[in-house]
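Chain by chain, the residues run as shown.
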Amino acid sequence: MRKLLGVIGDPVSHSLSPFIQNSWLRENRIEAVYAALEVKAGELEQSLRSLETHGAIGLNVTLPHKEEALRLAASAGDTARRLGAANTLIPRKEGGWHAENTDAPGFALTLDYGDIDVKEREVFLLGAGGSARAVADTLVQRGARLTICNRTVDRADALALALAPAARILTLDEGLMRLHSAALVVNTLSLGHQGGRLQLPESSGGIFYDISYGKAAAASLAQAKAKGWRGLDGLGMLVAQAALSFEKWFGVMPDLANAHARARKLLEAVQ
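Figured I'd write up the structure that's included with this text. (Residues numbered from 1 in each chain as written. Predicted model: local features only at pLDDT ≥ 70, side-chain atom pairs only at ≥ 80, totals over all residues. Heavy atoms only, no water.)

**Description of the pattern of salt bridges**
This is how the line gets drawn: Criterion for a salt bridge: a side-chain nitrogen of Lys or Arg within 4 Å of a carboxyl oxygen of Asp or Glu. Secondary structure counts use DSSP, requiring at least four H or I residues in a row for a helix and at least two E residues in a row for a strand, with both numbered from the N terminus. Buried means the residue's accessible area, taken with a 1.4 Å probe over protein chains only, is under 20% of the maximum for its type, while exposed means over 50%, and partly exposed covers the values in between.
The final tally for this structure, using the stated rule, is 14 salt bridges. Note that Asp-137 is salt-bridged to Arg-82, the shortest N-O span being 2.7 Å. In this pair, Asp-137 is assigned in helix 6 (residues 130-141) and Arg-82 in helix 4 (residues 78-83), connecting sequence segments 55 residues apart. We classify Asp-137 as buried; its relative accessible area is 5%. Overall, the relative accessible area of 38% leaves Arg-82 in the partly exposed class. One continuous salt-bridge network, built from bridges that share partners, spans Asp-10, Glu-38 and Lys-40.

**Topic: the environment of Ala-73**
Our working definition: Any pair of residues with heavy atoms lying within 4.5 Å of one another is described as a contacting pair.
Its place among the elements puts Ala-73 in the loop between helix 3 (66-72) and strand 4 (75-76). On the basis of relative accessibility, which here comes to 17%, the residue Ala-73 falls in the buried class. Sequence-distant contacts of Ala-73, that is, excluding residues within four places in its chain, are made with Trp-97 and Ala-99.

**Here's the deal with the packing of aromatic side chains**
We count it as follows: Paired rings are identified among Phe, Tyr and Trp, the last through its six-membered ring, by centres lying within 6.5 Å, and are further divided according to the angle between planes into stacked (under 30 degrees), edge-to-face (over 60) and tilted (the rest).
Overall, the coordinates contain five aromatic pairs when judged by the stated rule. For the ring pair Trp-249 and Phe-250, a centre distance of 6.4 Å and an interplane angle of 75 degrees mean the geometry is edge-to-face. Note on Trp-249: relative accessible area 12%, which makes it buried. The exposure class of Phe-250 is partly exposed, given its relative accessible area of 24%. The rings of Trp-24, Tyr-34, Phe-246, Trp-249 and Phe-250 are connected pair by pair, giving a single aromatic cluster.

**Notes on the nonpolar core**
Put simply, the rule is: Within this scheme, the nonpolar core is defined by two criteria: the residues are buried Ala, Val, Leu, Ile, Met, Phe, Trp, Tyr or Cys, and they are joined through side-chain atoms within 4.5 Å.
Ranked by internal contacts, the top residues of the largest apolar core, which has 25 residues, are Phe-107, Leu-125, Leu-139, Leu-146, Ile-148, Leu-184 and Val-186. Secondary structure elements with two or more residues in this core: helix 5 (103-113), strand 7 (122-126), helix 6, strand 8 (145-150), helix 7 (153-163), strand 10 (184-187) and strand 11 (207-210). The contact partners of Leu-139, leaving out residues within four places of it in the chain, are Phe-107, Leu-111, Val-118, Val-123, Ala-144, Leu-146 and Leu-184. Counting residues in each nonpolar core, the second largest holds 23 residues, with Val-12, Ala-243, Trp-249 and Ala-263 among its members.

**Concerning the pairing of strand 3 (residues 58-61)**
Heads up, the rule is: Two strands form a pair only when DSSP identifies at least two bridges running between them.
Alternating residues of strand 3 divide into Gly-58 and Asn-60 and Leu-59 and Val-61, and every residue in both groups is buried. When strand 1 (residues 3-9) meets strand 3, the two strands line up parallel, connected through four bridges. Residue pairing for strand 3: Gly-6 is matched across the bridge by Leu-59. Alignment of strand 3 against strand 5 (residues 88-91), held across two bridges, turns out to be antiparallel. Bridging from a neighbouring strand, Asn-60 pairs with Thr-88 of strand 5.

So far we have only geometry, and geometry alone does not tell us how the molecule works.
What follows is the structure in structure tokens.
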């Protein structure tokens, strides 16, 4: 009988994680299946108990559960504790879940692969949720001059206090008016999943990096291109964090390049 892995979130039906992870499971001859598991807000604790009872051998966690997943975990790695959010769960022999965060190193890998140097450059981060914490941590460690923009300033202040004490804090509207000066903008807002979009200013060649992908990122990236930004979607980050999760579950680092190429081809086919 195949073991179960999956990604927990809401929305989650759009996720490419099952496509990516199931390919790696086949390539490595692991008798398991990876599924998208829709879990509504307020249902995470019960769902984790049920999945533990049914012998799930690994989970990814996405919106809106990353911070709660860490709170519910029985233990956690250093990165997850520092960020206050988890995107990877590993079952413990003694019961409960061990929490890790592969978003931060996954984002760092995409900066390396894209040859994006943020040291002493002006970077704007849009959003202050679990994914934003991973991005902020990486940007601070790499010496970026960071501005955090969020509708709820208190939430941005809390992120800065925990991870980026030197960051400038702006409301989202204030930040959008000043984006034109940014070398890099990283959008972690979930607007695209609800059909929303940002009103971006003109750019003189900066990079607009939306950590969403597919339809969720299409509108913002189209606008970014029209306003002179170099647009990047979050597919690279998705593949990188997925590979790091796979390594934590099975001790094997899968092929990132092939997975990215296959996922990009699938995205282009369905858009």
